[in-house]
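In case you want the letters, here they are:
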Amino acid sequence: MTSSPTPGLTRINTLDDSAATAELHEVCASSAWGSKLLAQRPFISVDALFSANESAMAELTAEDLGEAMGGHAPIGRPKPGDPTSAREQRGMAGASEELKSELLELNLAYQEKFGHVFLICATGATGAFMRDAVKSRIGNSPEQEREIARGELVKINRIRLTRLVEEESA
């Protein structure tokens, strides 16, 4: 964990509100989350940014969470031309057609039940791991699933924020 400012963190702290909002939207599609982070600038450290992420996620309403989840592609179907989506779902690259088909079917059943994409921090996860996760979570209540998704968003945002603050310039 980095505790001192990085050039990327300094850049985020000094961007005008419009540019900072756009960059934060690339991390998380929730406008409420972005507004909460924007209001806490300047961040004295990367750890302070991570803490702001966790606090903002904890305060999101069900509607805000829906907006955040809406920014994520279904597992196994990264957004075409989106390097972040492709990088995060790299674990599906070597999956068999059978596994991809099974995951698509499970994703559709999950989406039918909960009204949103199955959300998991896919970075470093295999296709089989993600399939097993959706199988185990599809039996949850909507409330349980919303809180699990909130936790997954915290992890995803942290990874994306790390990439953002490691950049020298955007």
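Note that the structure is a prediction, hence the values are computed from the model and not measured.

> Honestly, the overall build of the protein in this entry has me stumped. Any pointers?
Each helix and strand in the protein was counted, giving 9 helices and 0 strands. Secondary structure elements of the protein occur, N-terminal to C-terminal, as α-α-α-α-α-α-α-α-α. Buried residues in the protein amount to 44% of all 170 residues. Sequence-distant contacts in the protein: of pairs separated by 6 or more residues, those separated by 24 or more amount to 71%.

> Quick question: what am I supposed to make of the side chain of Arg 137 here?
For Arg 137, the location among the structural elements is in helix H8 (residues 127-137). A distance of 2.4 Å separates a polar atom in the side chain of Arg 137 from a polar atom in the side chain of Glu 145. With residues near it in sequence (within four places) discarded, Arg 137 still touches Tyr 110, Phe 114, Phe 118, Leu 119, Ile 120, Glu 145, Ile 148, Ala 149 and Glu 152.

> What is the right way to read the packing of aromatic side chains from this model?
Two descriptors summarise a pair of aromatic rings, namely the distance from one centre to the other and the angle between the planes of the rings. As enumerated under the stated definition, the model contains 2 aromatic pairs in all. Ring centres of Tyr 110 and Phe 114 lie 4.5 Å apart, and the angle between their planes is 45 degrees; on these two criteria the pair is classed as tilted. Remark: Phe 114 and Tyr 110 occur in helix H7 (residues 97-114); sequence separation between them is 4 residues, near one turn of the helix. Take Tyr 110 and Phe 114: they sit in the same class, and that class is buried. Counting every residue linked through ring pairs, the aromatic cluster contains Tyr 110, Phe 114 and Phe 118.

> Would you mind going over helix H1 (residues 7-14) with me for this structure?
Each full turn of the α-helix corresponds to 3.6 residues, which orients residues three or four apart in the same direction. When we look at burial in H1, the residues that qualify are Gly 8, Leu 9, Arg 11, Ile 12 and Asn 13. Structurally, H1 contributes buried residues whose contacts are with helix H2 (17-27), helix H4 (46-59) and helix H9 (142-166).

> Whenever I open this one, unusual backbone geometry confuses me. Can you help?
In most cases, non-glycine residues show a negative phi, while peptide bonds are predominantly trans. A cis amide bond links Arg 41 to the next residue, Pro 42, at an omega of 0 degrees. Among the structural elements, Pro 42 can be located in the loop between helix H3 (31-39) and H4.

> I would appreciate a short explanation of the pattern of salt bridges in the present structure.
Any two side chains of opposite charge can pair if their charged atoms end up close together. Counting across every chain of the model gives 11 salt bridges. One salt bridge in this structure joins Lys 36 and Glu 59, with 3.0 Å as the shortest N-O distance. Separated by 23 residues along the polypeptide, Lys 36 in helix H3 and Glu 59 in helix H4 bring together distant segments of the chain.

> Can you walk me through H4 in this structure?
End to end, H4 covers 20 Å across 14 residues, agreeing with the expected 20 Å (1.5 Å per residue, within 8%). Val 46, Leu 49, Phe 50, Ala 52, Asn 53, Ala 56 and Met 57 are the residues of H4 that are buried. Taken around the axis of H4, the buried residues stretch over an arc of 155 degrees, which confines them to a single face. Facing away from the buried side of H4, by more than 90 degrees, are the exposed residues Ala 58 and Glu 59. On its buried face, H4 sits against H1, H3, helix H5 (62-69) and H9.

> Which parts of the structure should I look at to understand the side chain of Arg 131?
Along the chain, the position of Arg 131 falls in helix H8. Setting aside residues no more than four positions away along its own chain, Arg 131 makes contact with Leu 99, Glu 102, Leu 103 and Leu 106.

> Could you clarify how one ought to interpret the packing of H3 against H4 in this entry?
Their axes nearest at 9 Å, the elements H3 and H4 cross at an angle of 140 degrees. If you check the angle between H3 and H4, you find them oblique. Relative to H4, H3 is oriented so that their crossing is right-handed. Contacts between H3 and H4 pair Trp 33, Lys 36 and Leu 37 from the former with Leu 49, Ala 52, Asn 53, Ala 56, Met 57 and Glu 59 from the latter. For the contact of H3 with H4, the per-class residue count stands at 6 nonpolar, 1 polar and 2 charged.

Definitions and cut-offs
Residues numbered from 1 in each chain as written. Predicted model: local features only at pLDDT ≥ 70, side-chain atom pairs only at ≥ 80, totals over all residues. Heavy atoms only, no water. Helix = DSSP H or I, 4+ residues; strand = E, 2+ residues; numbered from the N terminus. Buried < 20%, exposed > 50% of the residue type's maximum accessible area, 1.4 Å probe, protein only. Contact = heavy atoms within 4.5 Å. Polar contact = N/O pair within 3.5 Å; in protein donor to acceptor, adjacent residues only side chain to side chain. Phe/Tyr/Trp six-rings, centres within 6.5 Å; stacked < 30°, edge-to-face > 60°. Salt bridge = Lys/Arg side-chain N within 4 Å of Asp/Glu carboxyl O. Expected span 1.5 Å × (residues − 1). Arc of directions from axis to C-beta. Axes fitted to C-alpha atoms, helices over the stretch in contact; angles between N-to-C directions. Parallel < 35°, antiparallel > 145°, perpendicular 65-115°, else oblique. Left-handed = near helix turned anticlockwise from the far one by under 90°. Nonpolar A, V, L, I, M, F, W, Y, C, P; charged D, E, K, R; others polar.

This is a description of form; function is not addressed.
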